[in-house]
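Spelled out, the chains give:
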Amino acid sequence: LFLIESIGTVRTQKKPYRKEKRVEAARATWMEDGENTSSVSAEFFNIDFYNNQFLLVDKAFTSPLHDRGNLHYRYYILDTLDIEGRPNFHIAFVPRRRGEYTFEGELYIDTLTLALKTIDAKVSEGASINFLRSLAFRQNYDLVDNNWVLTRHEDVVDVSLTGGSLGFYARNTIIYH
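Residues numbered from 1 in each chain as written. Predicted model: local features only at pLDDT ≥ 70, side-chain atom pairs only at ≥ 80, totals over all residues. Heavy atoms only, no water.

Draft legend 1. Main features of the sheet that holds strand β10 (residues 147-160). Taken in spatial order, the seven strands make up an open sheet running β5-β6-β7-β8-β9-β10-β11, and their pairing is antiparallel. Looking at the sheet topology across the chains shown, the edges are occupied by β5 (73-83) and β11 (167-175). Sheet twist, expressed as the mean angle between neighbouring strand axes with direction ignored, is 10 degrees. (Pairing = 2+ DSSP bridges. Helix = DSSP H or I, 4+ residues; strand = E, 2+ residues; numbered from the N terminus. Axes fitted to C-alpha atoms, helices over the stretch in contact; angles between N-to-C directions.)

In structure tokens:
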């Protein structure tokens, strides 16, 4: 079992683009026969579904929020729900063609601002990525001072070195406040 916890501040600026990351405290724990060590760090996926395309494991994936998403995805409006006092469209999306680097899943769009509230996505089954059996993401956005900001990001990865062999799951959860 490997566990990383960190707390810090990330500040970004649009023009000119800058990103500053300060880690105030971090702890990494590797538990094997009662041992602890903090010498290992892990890097997970930095995904922005608002970009039309982004690199994921060195492959260019098309976002379900792409400007021309209807060329890559089929969308189905499932319901209109009231979430935290705001009406939201509940939309499912699936890839149009098998084998493309796309996602399948569900998303919630705020009807008043047309902003992304929540997205649950996994890499579509036809997309072939070496060593990865599955890759799933969940992102939650909240309205803070009239701006939609990312407040929670979760990744789950299922890795196997060969098709039928044992593998491992990696889970990453980031909570912003």
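Still to come is the rest of the account.
Draft legend 2. Local environment of the confidence of the model for the protein. A residue-level look at the protein finds 88% of positions with pLDDT of 70 or above and a mean pLDDT of 83. Low confidence marks residues 34-43, where pLDDT is under 50. Its contacts with residues over four positions away, or in another chain, come to 14 contacts. (pLDDT = per-residue confidence, 0-100. Contact = heavy atoms within 4.5 Å.)

Draft legend 3. Representation of the environment of Arg171 in the model. Here Arg171 is to be found in strand β11. Placed 34 residues apart in sequence, Arg171 and Phe137 show a C-alpha to C-alpha distance of 9.9 Å.

Draft legend 4. How the structure looks around the pattern of salt bridges. What the rule picks out here adds up to nine salt bridges. The shortest N-O distance in the salt bridge between Glu100 and Arg97 comes to 2.8 Å. For Lys117, the salt bridge goes to Asp142, with nearest N and O atoms at 2.6 Å. Placement of the pair is Lys117 in strand β8 (residues 116-123) and Asp142 in strand β9 (residues 132-144), with a sequence separation of 25 residues. For Lys117, a relative accessible area of 6% puts it in the buried group. (Salt bridge = Lys/Arg side-chain N within 4 Å of Asp/Glu carboxyl O. Buried < 20%, exposed > 50% of the residue type's maximum accessible area, 1.4 Å probe, protein only.)

Draft legend 5. Spotlight on the nonpolar core. One finds Phe49, Leu56, Phe61, Phe103 and Val123 to be the most contacted residues of the largest nonpolar core, which totals 24 residues. Those elements giving two or more residues to this core turn out to be β3 (53-56), β6 (86-95), β7 (103-110), β8, β9 and β10. Non-local contacts of Val123, meaning those with residues more than four positions away in its chain, are made with Leu56, Phe61, Thr102, Phe103, Ile129 and Leu135. (Core = buried A, V, L, I, M, F, W, Y, C linked by side-chain atoms within 4.5 Å.)

Draft legend 6. Examining the packing of aromatic side chains more closely. This model, assessed by the stated rule, comprises nine aromatic pairs. Aromatic side chains Phe103 and Phe137 sit 6.1 Å apart centroid to centroid with 75 degrees between the ring planes, which places their arrangement in the edge-to-face category. Here the residue Phe103 occupies a position in strand β7, and Phe137 occupies one in strand β9, the gap between them amounting to 34 residues. On the accessibility criterion, Phe103 (0% relative accessible area) is buried. One aromatic cluster is present, formed by Phe49, Phe54, Phe61, Tyr101, Phe103 and Phe137 through successive ring pairs. (Phe/Tyr/Trp six-rings, centres within 6.5 Å; stacked < 30°, edge-to-face > 60°.)

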